[in-house]
Amino acid sequence: MKNLTRTFFFAVLLCSPAAVLAAPSAAVTVSDCWIRALPENLPSGGYFKMANAGDRSVDLVGVETSAFGMAMLHETRNKGNVSTMVMVKKVTVPAHGTLRFAPGNYHVMLEKPKKTVKPGMTIPVTFVFSNGEKPTVECKVKKPGAMSY
Amino acid sequence: MFRSASAFTSGRRRVAAALASGMLAFSLAGCGNAEPTFKGADITGTNLGHYMSMMDRSGHVRTLADYKGKVVAIYFGYTHCPDVCPTTMAELARVMHLLKGDAKKVQVIMISVDPARDTPAIVDDYVKAFYPTFIGLSGTAGQLEKTAKSFKVYYAKAPGTTGSNYAVSHSSRIYIIDQKGQARVLLDSTKPAKDIAHDIEQLL
């Protein structure tokens, strides 16, 4: 039995190295992360998809990246025809659900890049969740005209 | 003579009645096929943008008359806008790709609602990162005020933002101007590229 368990673990290790790197109880995953490159080091938007496999909702409460001086959770709100950018403290990913940060909606506002951000680069970004999980994801830098991952 | 005149008159009446019922059917249907039908709002005859006067990167004052002969798409935004403005510019770049060869008959212009930070050269460089023929205009606070009023565009510093790091709330719509310099269509900036391209094609 002990041997069988060991074999089983070995198989898991072989099959899914990513699962081993993540915390064993990881409920949230972040994928499809991309950042729009803009000229002159202007503030830019970061977009991604979050999935929550857990039974409870989880809040995204912040993002951390050493590539930018500032990274904030924002939402573009349209009232009538007027667009306003609003800072948000948290964004809830429902239990067994997904939530997408996408152009014209939720976005991470990335300001003051330490180095010029250019298409083709990848930038590690850490996502901070209310349940203590902090996955780090490589975000692709894409051209100004990009609309999705 | 009298009879034929009467026949003529009654004929005219019949035509008029047919026209009237046709018009009624037309208005009941909401939109007909004879006139160009737009995905956006038809603003023909409003003269929006008539008093536009903004500066280009060479310091020339630009009005709608300068772009006659092209269909013009105008958007008000600013370069320190991380989401909605680049998203709209990206969408307008897609419109140009959809229009293929007709893209050269179209001029996309972004007018800055943030003249304190955006010089004409900054806005122009910014929009050209999306598509090489796009033009960026800015100007003095007074020029912007007059131009925005002419387009009935709203802009204001977003509440809660301070110092040099402020955001600007602004009308996020695309104005389509025909080749004679007349405002024709108003589209929400969230409209997909194919809808914007469709409305531009109606005017080419």
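Residues numbered from 1 in each chain as written. Chains lettered and ligands numbered in written order. Predicted model: local features only at pLDDT ≥ 70, side-chain atom pairs only at ≥ 80, totals over all residues. Heavy atoms only, no water.

Asks: Quick question: what am I supposed to make of the overall build of chain B here?
Replies: Across its full length, chain B holds five helices and 10 strands. Counting the 204 residues in chain B, one finds 48% classified as buried. Looking at chain B alone, contacts between residues at least 24 apart form 71% of all its contacts between residues at least 6 apart. In the structure as shown, chain B presents an accessible area of about 10100 Å², 58% of it carried by carbon and sulfur atoms. (Helix = DSSP H or I, 4+ residues; strand = E, 2+ residues; numbered from the N terminus. Buried < 20%, exposed > 50% of the residue type's maximum accessible area, 1.4 Å probe, protein only. Contact = heavy atoms within 4.5 Å. Areas by Shrake-Rupley, 256 points an atom, 1.4 Å probe, with all protein chains shown as cover.)

Asks: Help me understand the environment of A26(A) in this model?
Replies: Within the element layout of this structure, A26(A) appears in the loop between α2 (17-21) and β1 (28-36). A relative accessible area of 35% places A26(A) in the partly exposed class.

Asks: Is there a simple way to explain the confidence of the model for chain A in this structure?
Replies: When pLDDT is low, close inspection of the predicted coordinates is not appropriate. When the pLDDT values of chain A are averaged, the result is 87; 83% of them are 70 or greater. The model gives residues 8-20 of chain A a pLDDT under 50, and that stretch makes one contact with residues more than four places away or in other chains. (pLDDT = per-residue confidence, 0-100.)

Asks: Hey, could you run me through the packing of helix α2 (residues 84-99) of chain B against helix α5 (residues 193-202) of chain B in this one?
Replies: Any two packed helices are characterised by how steeply their axes cross, that is the angle between the axes, and by the distance between the axes. All names here are of chain B. The N-to-C vectors of α2 and α5 enclose an angle of 55°; their axes lie 9 Å apart at closest approach. Considered as vectors, α2 and α5 are oriented oblique to each other. Here the hand of the crossing between α2 and α5 comes out right-handed. The residues of α5 that touch α2, namely those facing E91, L92, R94, V95, L98 and L99, are A193, K194, I196, A197, I200 and E201. Of the residues in the contact of α2 with α5, the class split is eight nonpolar, no polar and four charged. (Axes fitted to C-alpha atoms, helices over the stretch in contact; angles between N-to-C directions. Parallel < 35°, antiparallel > 145°, perpendicular 65-115°, else oblique. Left-handed = near helix turned anticlockwise from the far one by under 90°. Nonpolar A, V, L, I, M, F, W, Y, C, P; charged D, E, K, R; others polar.)

Asks: Before we go on, may I ask you to explain the environment of V61(A) in this structure?
Replies: All names here are of chain A. Mapping V61 onto the fold places it in strand β3 (residues 58-64). What makes V61 partly exposed here is its relative accessible area of 39%. Measuring from C-alpha to C-alpha, the distance between V61 and S83 comes to 23 Å, with 22 residues separating the pair along the chain.

Asks: Explanation requested: the sheet that holds strand β9 (residues 173-177) of chain B in the structure shown.
Replies: Remark on secondary structure: sheet strands pair via backbone hydrogen bonds, oriented parallel or antiparallel. Residue and element names in this part refer to chain B. The mixed open sheet is built from six strands, whose spatial order is β1-β10-β9-β4-β5-β6. Each edge of the open sheet carries a strand with a single partner, namely β1 (41-42) and β6 (135-137). As defined by bridge partners, strand β4 (residues 71-77) adjoins strand β5 (residues 106-112) across seven bridges and the pair is classed as parallel. Across the sheet, the residue bridging to I74 is I109, located in β5. Packed onto the sheet, helix α3 (residues 120-128) meets β5 and β6 and runs at close to 150° relative to β6. (Pairing = 2+ DSSP bridges.)

Asks: I keep staring at the interface of chain A and chain B and nothing clicks. Help me out?
Replies: Think of interface size as the accessible area that goes away when the parts come together; that is how it is often given. Counting residues at the interface gives 28 residues for chain A and 24 residues for chain B. Both faces considered, chain A and chain B share a buried interface measuring about 2000 Å² in area, 62% of it formed by carbon and sulfur atoms. Put simply, chain A and chain B have zero salt bridges between them. The tally of links from chain A across to chain B stands at 10 residue pairs in polar contact (both at pLDDT 80 or more). Taken together, the elements giving at least two residues each to the side of chain A that touches chain B come down to β2 (44-52), β4 (68-79), β5 (82-87) and β8 (106-113) of chain A. Split by residue class, the side of chain A that touches chain B holds 14 nonpolar, 11 polar and three charged. Pairing of β5(A) with strand β8 (residues 168-171) of chain B involves two bridges; the strand directions are antiparallel. Bridging across to β8(B), V82(A) finds its partner in S171(B). (Buried area = accessible area lost by both parts, 1.4 Å probe. Salt bridge = Lys/Arg side-chain N within 4 Å of Asp/Glu carboxyl O. Polar contact = N/O pair within 3.5 Å; in protein donor to acceptor, adjacent residues only side chain to side chain.)

Asks: Would you mind showing me how to read the state of the cysteines here?
Replies: Residue and element names in this part refer to chain B. A complete count under the given rule lists two disulfides over all chains for this structure. One disulfide bridge connects C81 with C85, the sulfur atoms lying 2.3 Å from each other. Between C81 and C85, the S-S dihedral sits near 95°, and the bridge is therefore right-handed. When its relative accessible area of 2% is taken as the criterion, C81 is described as buried. (Disulfide = S-S within 2.5 Å.)

Asks: It is not clear to me how the nonpolar core should be interpreted in this structure. Could you clarify?
Replies: A general trend in soluble globular proteins is that nonpolar side chains are found buried together. Core analysis: the largest hydrophobic core is formed by 64 residues, its most contacted members being I74(B), M89(B), I111(B), Y126(B), F134(B), Y175(B) and I176(B). No other element matches the nine residues that α2(B) contributes to this core. Not counting residues up to four positions away in its chain, the partners in contact with M89(B) are Y75(B), M110(B), Y126(B), V127(B), F130(B) and F134(B). With 29 residues, the next largest nonpolar core counts V30(A), V58(A), L73(A) and F127(A) among its residues. (Core = buried A, V, L, I, M, F, W, Y, C linked by side-chain atoms within 4.5 Å.)

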